[in-house]
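The lines below spell out each chain.
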Amino acid sequence: MEIILNKEDFLNGIKVVKNITSSKGVQPVLSNILIETVSNDRVMFLATDLNLAISFKLKAEVVSEGKITLSAKTLEEIVNKLPDKPIVLKLNNETNVVTISCGKSKFELIGINAEEYPKVFEDKQNTEEDKEFEINTGLLNKGIKQTAFSTAQNETGSVLSGVCFNINENILEMVATDGNRLTRSRKEINSKGESVMFISPARTLVEISRIISMLKDETVKFILKKNKIVFEFENVMFQSRLIEGTYPKYQQLIPTTNEKNVSVKREDLIQAIERVSVMVNERTNIVKFNFENNGLEISTDTPESGSGKDFIDISYEYENLLIAFNYRYVLDSLKNMDSKNVKIEMSTNLSASIFKPEAEGEEDDNYICLIMPVQVR
């Protein structure tokens, strides 16, 4: 194999796939990237950790065909430091040594034979059982950022560690919960009449978000195959196992009778919480919201270090309500909204509250964040 690559393309290819390599794997080859020629002007970079897999086709001048696996970490460090000139990779098939030349620089990198690399993307052909969907990458990326943060962080493999996709009548609902909060995002999707529900690992979606930010694709297809999902971009293919299990009936968890509603300037609320949080107890993260007729007082007190409070002018027409939240949950939800105002819907100091964006006096039900309050003795 002999190929010539542009430095920028080469480095971009490594960055797209390197996160999926496994540095702690039992198989040393899993820390490598598979580099394989696929035509006279394309090479494919492929990486997998056996749960996730990614391939990226990029431009190259292919002098001779072949394939080899090379250390992702070492390869990135080498390419990153090379001058901005064409980079030549030449493989010695007998020794699995790849010579990397660029200008006056030259490296020899020992690879692992490509035949030892796991076979992935073997079932590229879709079957009748497969379900295919298409969505705008910007909408998908926004949905991921609005939900993935509220998955359970320490329950790998649990349904709560993933994001539930519920597709029905060209509407995609993405839902995540860790038991203390729940986020739901609604986006339009081309479902081709299909309805389906499945659970994607949060890590999968974080990687998809990263890939979207690195590519210029306006749409992405995803295909549901038995126990896995495949995302198809123009030059990137990403595959992940799905989480098996039954997701909680989240519709029943969202209150519809919260009679106390208030509108707050989102940025004012963020800044007030951040100021008060300086004095928060780091073990509990509790911040109190005291709603009264002339405003909202946000406060916290820690016996061993002190207290803090801030005040926001709001219109509040109900009886006084003192309610406590984990301030991190509130900030997470607020920072994933892009509206000027946020609407807060409440009932009692022990029932779930809803935070959702409000644009020019009109609430937006396409994104909501449900947060369970904390009982304060």
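My aim in this report is to walk through the structure given alongside it, one point at a time. (Residues numbered from 1 in each chain as written. Predicted model: local features only at pLDDT ≥ 70, side-chain atom pairs only at ≥ 80, totals over all residues. Heavy atoms only, no water.)

**Quick word on the pattern of salt bridges**
Side chains bearing opposite charge may pair, as long as their charged atoms lie close to each other.
(1) Moving on: In this structure the tally under the stated criterion is 23 salt bridges.
(2) Moving on: Where E319 meets K260, a salt bridge forms, and the shortest distance between an N and an O atom there is 3.3 Å. Of this pair, E319 sits in the loop between β21 (306–312) and β22 (321–326) while K260 sits in strand β18 (residues 260–265), placing them 59 residues apart in sequence.
(3) Moving on: What makes K260 buried here is its relative accessible area of 5%.
(4) Moving on: Here K335 ties to E274 by a salt bridge, and the two come within 2.8 Å at their closest N and O atoms. Of this pair, K335 sits in helix α6 (residues 327–335) while E274 sits in helix α5 (residues 266–276), placing them 61 residues apart in sequence.
(5) Moving on: Residue classification places E274 among the partly exposed positions, given a relative accessible area of 33%. (Salt bridge = Lys/Arg side-chain N within 4 Å of Asp/Glu carboxyl O. Helix = DSSP H or I, 4+ residues; strand = E, 2+ residues; numbered from the N terminus. Buried < 20%, exposed > 50% of the residue type's maximum accessible area, 1.4 Å probe, protein only.)

**Let's talk about the pairing of β21**
(1) Moving on: Both strand β20 (residues 295–302) and β21 contribute to a ladder of seven bridges, which runs antiparallel. Pairing of T300 across the sheet is with G308, part of β21.
(2) Moving on: In textbook terms, the turn of a hairpin is the stretch between consecutive antiparallel strands, and for β20 and β21 this stretch comprises three residues. (Pairing = 2+ DSSP bridges.)

**Digging into the pairing of strand β9 (residues 105–110)**
(1) Moving on: Pairing analysis gives six bridges linking strand β8 (residues 97–102) to β9, with the strands arranged antiparallel. Opposite T99, over in β9, you have E108 as the bridge partner.
(2) Moving on: The antiparallel pairing of β8 with β9 creates a hairpin that spans two residues between the two strands, and G103 there sits at a positive phi of about 60 degrees.

**Comments concerning the layout of surface pockets**
(1) Moving on: Taken as a whole, the largest pocket holds about 470 Å³ of empty space.
(2) Moving on: If you trace the largest pocket, you find 15 residues lining it, with D9, N12, F56, L215 and N235 closest to the centre.
(3) Moving on: Residue assignment for the lining of the largest pocket shows that the elements contributing at least two residues are α1 (7–17) and β4 (52–59).
(4) Moving on: Its residues placed into classes, the lining of the largest pocket shows five nonpolar, two polar and eight charged.
(5) Moving on: Secondary-structure elements contributing two or more residues to the lining of the second largest pocket are α4 (202–214) and β17 (236–241).
(6) Moving on: By residue number, the principal contributor to the lining of the second largest pocket is α4, which donates three residues.
(7) Moving on: Tallied by class, residues from the lining of the second largest pocket come to six nonpolar, eight polar and three charged. (1 Å grid on protein atoms, 1.4 Å probe; cavity = no way out; pocket = protein on both sides within 12 Å on 5 of 7 lines; lining within 4 Å. Points joined across faces, edges and corners; volume = space filled by probe spheres on them. Nonpolar A, V, L, I, M, F, W, Y, C, P; charged D, E, K, R; others polar.)

**Side note on the environment of A324**
(1) Moving on: Secondary-structure assignment places A324 in strand β22.
(2) Moving on: Relative accessible area serves as the criterion here: at 4%, A324 is assigned to the buried category.

**Things to note about the sheet that holds β20**
(1) Moving on: The strand order across the open sheet built from four strands is β21-β20-β19-β22, with neighbouring strands paired in antiparallel fashion. Since the sheet does not close on itself, it has two edges, and those belong to β21 and β22, each with one partner. Taken over all neighbouring pairs, the strand axes of this sheet differ in orientation by 20 degrees on average, direction set aside.
(2) Moving on: Of the pairings in the sheet, the one linking strand β19 (residues 286–292) to β22 comprises six bridges and is antiparallel in character. Opposite I286, over in β22, you have N326 as the bridge partner.
(3) Moving on: Relative to the sheet, α5 contacts β19, β20 and β21, its axis offset from that of β21 by approximately 170 degrees.
(4) Moving on: Each of β19 and β22 is contacted by α6, which is oriented at about 85 degrees to β22, the strand it contacts most. (Axes fitted to C-alpha atoms, helices over the stretch in contact; angles between N-to-C directions. Contact = heavy atoms within 4.5 Å.)

**A short note on unusual backbone geometry**
(1) Moving on: The phi angle at L50 is positive, at roughly 80 degrees, despite the residue not being glycine.
(2) Moving on: Tracing the backbone through its elements, the reader meets L50 in the loop between β3 (42–48) and β4.
(3) Moving on: For N96, which is not a glycine, the phi torsion comes out positive at approximately 60 degrees.
(4) Moving on: Here N96 shows up in the loop between β7 (87–92) and β8.
(5) Moving on: Under the relative-accessibility criterion, N96 is labelled buried at 17%.

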